[in-house]
Amino acid sequence: MFKLKKSDFGGDIISILTKGMYADPKDALREYIQNGVDAGAKNISIKIRQNSIVIDDDGCGMTFEIMRKAIRLGISDKNPKKHVGFMGIGIYSSFHICDKLTIYSRVDNETPNVIYFDFKGMREVLERQRDARLNGGIDDDKIIDLQTLLEKHIEFKAVKEDEYARTGTTVEMIGVDPGFFRSLQKSEEVSDYLE
């Protein structure tokens with residue numbers, strides 16, 4: 001039997017997938033809103049700040065186990081007959097749009113959890129590697145694999161209840177690309193798209 005190694009799956013695959021699947025920046029917004037809908041949210045709000053976008057929902061929230069599974073790539077427990085998203089990539093939809101993605105979530109009467117994604121750090125590593133490969137300055141066995149890239153740039157932990165006291169989920173895209181804000185200024189177009 002032929003064996004594959006971690007190094008056979010380059011970290012650049014995340015950039016290729018997200019750029020191809022989420023070409024329109026509004027796709028990321030739709031992904032995070034759809035997750036709230038799938039969680040049974042009755043209220044979903046979008047707050048646009050100076051360089052961040054916050055999406056709050058009052059859905060059922062995610063347990064530690066569900067949040068842990070959400071960071072998997074290309075694996076989803078969602079039923080495609082019941083939910084829109086089922087490919088296991090949507091959480092990474094803002095990879096090219098923002099520098100950091102923070103997701104807080106809490107299920108009623110359970111400890112809240114948070115995931116921090118350092119997308120800017122990931123993009124910088126991949127860019128340095130691309131430049132080095134073009135200049136012949138890096139061997140194939142030195143290219144960062146996908147698992148290592150994600151492990152170095154994702155932090156996942158439980159937080160104190162006073163840090164996130166309510167049931168539901170909050171997604172914050174921080175350091176949002178200015179081009180994304182320009183596309184959001186067309187509010188009617190964004191509203192039609194999200195509907």
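For the structure, see preceding data.
Below or above, wherever it landed, is the structure these notes cover. (Residues numbered from 1 in each chain as written. Predicted model: local features only at pLDDT ≥ 70, side-chain atom pairs only at ≥ 80, totals over all residues. Heavy atoms only, no water.)

## So, the pattern of salt bridges
The condition is simple: Any Lys or Arg side-chain nitrogen located within 4 Å of an Asp or Glu carboxyl oxygen qualifies as a salt bridge. Helix and strand definitions here come from DSSP, where helices need a minimum of 4 consecutive H or I residues and strands a minimum of 2 consecutive E residues; each element is numbered from the N-terminal end. Burial classification: accessible surface area is computed with a 1.4 Å probe over protein chains only, and a residue below 20% of its type maximum counts as buried, one above 50% as exposed, and the rest as partly exposed.
According to the stated counting rule, one finds 11 salt bridges in the structure shown. The partner of Arg49 in a salt bridge is Glu172, and the shortest N-O contact between them spans 3.9 Å. Here Arg49, found in the loop between strand E1 (44-48) and strand E2 (52-57), pairs with Glu172, found in strand E6 (residues 168-174); they are 123 residues apart in sequence, far enough to count as distant. Among the residues examined, Glu172 registers a relative accessible area of 24% and is labelled partly exposed. Here Glu155 ties to Lys157 by a salt bridge, and the two come within 3.9 Å at their closest N and O atoms. Of the residues examined, Lys157 reaches a relative accessible area of 35% and is grouped as partly exposed. Linked through salt bridges whose partners overlap, the residues forming this network are Asp27, Arg30 and Glu31.

## Some remarks on helix H1 (residues 12-21)
Convention followed: Throughout, the arc means the angular range of directions from the helix axis out to the C-beta atoms. Whether two residues are in contact is decided by their heavy atoms, any of which lying within 4.5 Å being enough.
Among the residues of H1, those classed as buried are Asp12, Ile14, Ser15 and Thr18. Across the axial projection of H1, the buried residues extend over an arc of 150°, all falling on one side. Facing away from the buried side of H1 by over 90 degrees, the exposed positions are Ile16 and Gly20. Tucked inside the fold, the buried residues of H1 contact helix H4 (119-134) and helix H5 (146-153).

## What to know about a nonpolar patch on the surface
This is how the line gets drawn: Exposure above 30% relative accessible area and the absence of a salt bridge qualify a residue for a patch, where like charges join within 9 Å and nonpolar side chains (Val, Leu, Ile, Met, Phe, Trp, Tyr) within 5 Å. Using the Shrake-Rupley algorithm and a 1.4 Å probe, accessible areas are obtained, with residue cover drawn only from the displayed protein chains.
Together, Ile13, Ile16, Leu17 and Met21 give the surface a local cluster of nonpolar side chains, amounting to about 320 Å² of exposed area. Its place among the elements puts Ile13 in helix H1.

## Remarks on the nonpolar core
The tendency in soluble globular proteins is for nonpolar side chains to be buried as a group. For the record, the criterion: Nonpolar cores are built from buried Ala, Val, Leu, Ile, Met, Phe, Trp, Tyr and Cys residues. Side-chain atoms within 4.5 Å join them into one set.
If you look at the biggest cluster of nonpolar residues, it comprises 35 residues, and the most contacted ones within it are Ile53, Tyr92, Leu101, Phe117 and Met173. Of all the secondary structure elements, the ones that give two or more residues to this core are helix H2 (26-38), E2, strand E3 (100-106), strand E4 (113-118), H4, H5, E6 and helix H6 (178-184).

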